[in-house]
Number of protein chains: 2
Amino acid sequence: MAGSVAGPEIERLIQLLARLPGLGPRSARRAALHLIKKRDALMTPLTAALQVALDRIQVCKICGNIDSQNPCTVCTDPRRDPSIIVVVADVADLWALERANAVNGRYHVLGATLSPLDGVGPQDLTLDALVARAHETEVTEVVLALNATVDGQTTAHYITDLLQEAGVRVTRLAHGVPVGGELDYLDEGTLSAAMRQRTLF
Amino acid sequence: MAGSVAGPEIERLIQLLARLPGLGPRSARRAALHLIKKRDALMTPLTAALQVALDRIQVCKICGNIDSQNPCTVCTDPRRDPSIIVVVADVADLWALERANAVNGRYHVLGATLSPLDGVGPQDLTLDALVARAHETEVTEVVLALNATVDGQTTAHYITDLLQEAGVRVTRLAHGVPVGGELDYLDEGTLSAAMRQRTLF
């Protein structure tokens, strides 16, 4: 055991690093060693950055985004179109859409998608808050930017039903050929959808 | 950019996490989100563990191992055979040998292997300290536990020459079939070595 050689402090660090997604026990050990070797260049600033994040990061009380201000930068940005709410499952999806500069609306983070098999039900999602926001007069469209998986689509249908009384347009992302994608490698469902929803060139 | 959405604190955390071996920009983003979501269960203890490691971990002045005591646990362990010094390139190799419980000697961490192509020369390794240790009267054997790569073997030859005056037996790890390994997948060099060094059953 590394613990008996290098002391309990390092063993504890390795165990915690191994719980990060993408790091297993072996790569966590490598990461810990790397940190210790790059003490001034990496370990000290990383420790400080974690402490700053611990002190400052909060969940936005409006949309569920995470930010150092609350409400978050997106919710308080006056240049955002207040008529559009983009519903995402996770903050990671919000970040992905922002990186793509895909939409100028505001967001609503559900926190998860419905998944009966994993025991995730409607009460686990921020659905009440979404329904309340959809009823605000300035909101005219709710875009369901959810994964094109069974769970994502189940969630999309569920939300569409919930919002029937809200008087908003409920839309979803288009299916189609990914930019840069080769037809030969695409599944039949995507190809059929892309053909059905073909647009003028 | 996630930075514009989630604030500079998170962006900084992602950038630092991305410099860990095994994490790229994308998985660093995922790791940062995971940390923020698991604030109490992971982010707080990891920050504390890093701080403890920063405060306590040192490089052993005798062997180059890292530990919270100096000299390290291995060097100060009276049950270790003081006649054997096991030379490794890196602390990770020391840990691997300890996990395998492979040897009951003490270690010497070189810090690197000779690599003319990468500009690593003898002055970059802890060779003076090794030679001095090899001259101690209690030391009778130096085991070169170096990678079976060109750089590792170059280093092994270089050290063997250095230690000619020290009056110690210089040995190296055996080559052979890895335990659980299938002959069909082994290279010719390993197979020939395993055959040459065959032992009584």
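Residues numbered from 1 in each chain as written. Chains lettered and ligands numbered in written order. Predicted model: local features only at pLDDT ≥ 70, side-chain atom pairs only at ≥ 80, totals over all residues. Heavy atoms only, no water.

With respect to the UniProt feature "zinc finger region: C4-type" (unreviewed entry) in chain A
Part 1: If you check UniProt for "zinc finger region: C4-type" (unreviewed entry), the listed places come out as residues 60–75 of chain A in our numbering.
Part 2: Along residues 60–75 of chain A the backbone is 19% helical and 12% strand, and the end-to-end C-alpha distance reaches 8 Å. (UniProt positions renumbered as here; feature names shortened; annotations may be inferred. Helix = DSSP H or I, 4+ residues; strand = E, 2+ residues; numbered from the N terminus.)

A look at the relation of the copies chain B and chain A
Part 1: Turning chain B through 180 degrees and shifting it by 0.1 Å along the axis lays it on chain A, with an RMSD of 0.1 Å. Such a turn and shift between the copies fits a two-fold axis. In terms of C-alpha distance to the rotation axis, chain B has Thr-47 of chain B as its closest residue, with the C-alpha 2.9 Å off the axis.
Part 2: Here 100% of the contact residues of chain B are again contact residues in chain A; the copies associate through an equivalent surface. (Least-squares fit on C-alpha atoms with pLDDT ≥ 70 in both. Contact = heavy atoms within 4.5 Å.)

Considerations on the sheet that holds strand E6 (residues 169–172) of chain A
Residues and elements named next belong to chain A.
Part 1: An order of E4-E3-E5-E6 is seen for the 4 strands of this open sheet, with the pairing classed as parallel. Edge positions in the open sheet fall to strand E4 (106–109) and E6, since each of these has one partner strand only. Between one strand axis and the next, the sheet turns through 25 degrees on average, direction left out of account.
Part 2: Here 4 bridges tie strand E3 (residues 84–88) to strand E5 (residues 141–144), and the two strands are oriented parallel to one another. (Pairing = 2+ DSSP bridges. Axes fitted to C-alpha atoms, helices over the stretch in contact; angles between N-to-C directions.)

A look at the side chain of Glu-98 of chain A
Part 1: Topologically, Glu-98 of chain A is positioned in helix H6 (residues 91–99).
Part 2: In this structure the side chain of Glu-98 of chain A is engaged in a polar contact, spanning 2.8 Å, whose partner is the side chain of Arg-80 of chain A. (Polar contact = N/O pair within 3.5 Å; in protein donor to acceptor, adjacent residues only side chain to side chain.)

Section: helix H6 (residues 91–99) of chain B
Residue pairs three or four apart in sequence face the same way in an α-helix, which turns once every 3.6 residues.
Residues and elements named next belong to chain B.
Part 1: For H6, the full list of buried residues reads Val-91, Leu-94, Trp-95, Leu-97 and Glu-98. Taken around the axis of H6, the buried residues stretch over an arc of 165 degrees, which confines them to a single face.
Part 2: Capping the start of H6, Asp-90 holds a side-chain oxygen 2.9 Å from the backbone nitrogen of Ala-92, two or three residues further along. (Buried < 20%, exposed > 50% of the residue type's maximum accessible area, 1.4 Å probe, protein only. Arc of directions from axis to C-beta.)

Section: the domain arrangement of chain A
Part 1: Looking at chain A, the domain boundaries give domain 1 (2–56) and domain 2 (66–172).
Part 2: Relative placement of domain 1 of chain A and domain 2 of chain A: their C-alpha centres are 35 Å apart. (Domains from an automatic or database assignment.)

Comments concerning the pairing of E4 of chain A
Residues and elements named next belong to chain A.
Part 1: A two-sided burial pattern is seen for E4, the buried positions comprising Arg-106 and His-108 on one face and Tyr-107 and Val-109 on the other.
Part 2: Alignment of E3 against E4, held across 4 bridges, turns out to be parallel. For Val-86, the partnering residue across the bridge sits in E4 and is Tyr-107.

Focus: the interface of chain B and chain A
Part 1: Contacts between chain B and chain A engage 55 residues on the former and 55 residues on the latter.
Part 2: Taken together, both faces of the contact between chain B and chain A bury some 5,200 Å²; the carbon and sulfur share is 71%.
Part 3: Here chain B is connected to chain A by 4 salt bridges.
Part 4: Between Arg-56 of chain B and Glu-9 of chain A there is a salt bridge; the shortest N-O distance is 3.1 Å.
Part 5: Linking chain B to chain A there are 12 residue pairs in polar contact (both at pLDDT 80 or more).
Part 6: Mapped by element, the contributors of at least two residues to the side of chain B that touches chain A are helix H1 (2–6), helix H2 (8–17), helix H3 (25–37), helix H4 (39–56), strand E2 (66–67), helix H5 (73–76) and H6 of chain B.
Part 7: When residues in the side of chain B that touches chain A are grouped by element, the largest group, 15 residues, is from H4 of chain B. (Buried area = accessible area lost by both parts, 1.4 Å probe. Salt bridge = Lys/Arg side-chain N within 4 Å of Asp/Glu carboxyl O.)

Looking at a nonpolar patch on the surface
Part 1: Among the surface-exposed residues, Val-177, Leu-183 and Leu-191 of chain A lie close enough to one another that they form a single nonpolar patch of about 230 Å² accessible area.
Part 2: Judged by relative accessible area, which is 35%, Val-177 of chain A ranks as partly exposed. (Patch = residues over 30% accessible without salt bridge, like charges linked within 9 Å, V, L, I, M, F, W, Y side chains within 5 Å. Areas by Shrake-Rupley, 256 points an atom, 1.4 Å probe, with all protein chains shown as cover.)

With respect to the environment of Ser-27 of chain A
Residue and element names in this part refer to chain A.
Part 1: Mapped onto the elements, Ser-27 comes out in helix H3 (residues 25–37).
Part 2: Overall, the relative accessible area of 14% leaves Ser-27 in the buried class.
Part 3: Each C-alpha atom, one on Ser-27 and one on Leu-50, is 20 Å from the other, the two residues being 23 residues apart in sequence.
Part 4: A polar contact is formed between the side chain of Ser-27 and the backbone nitrogen of Gly-24, at a distance of 2.8 Å.

Looking at the UniProt feature "domain: Toprim" (unreviewed entry) in chain A
Part 1: In this numbering, the UniProt entry assigns the feature "domain: Toprim" (unreviewed entry) to residues 83–178 of chain A.
Part 2: Structurally, residues 83–178 of chain A is divided into 31% helix and 18% strand, and its ends, taken at the C-alpha atoms, are 28 Å apart.

Remarks on the side chain of Ser-83 of chain A
Residues and elements named next belong to chain A.
Part 1: Examined against the element boundaries, Ser-83 turns out to sit in the loop between helix H5 (73–76) and E3.
Part 2: Side-chain polar atoms of Ser-83 contact the side chain of Asp-81, separated by 2.7 Å.
Part 3: Setting aside residues up to four positions removed in sequence, Ser-83 forms contacts with Glu-138, Val-139, Thr-140 and Glu-141.

Notes on the pairing of E5 of chain A
Part 1: The alternating pattern of E5 of chain A places Glu-141 and Val-143 of chain A on one face and Val-142 and Leu-144 of chain A on the opposite face, and all of these are buried.
Part 2: Viewed along the sheet, the connection from E5 of chain A through helix H8 (residues 150–162) of chain A into E6 of chain A turns out right-handed. (Right-handed = clockwise from strand over helix to strand, strands pointing away.)

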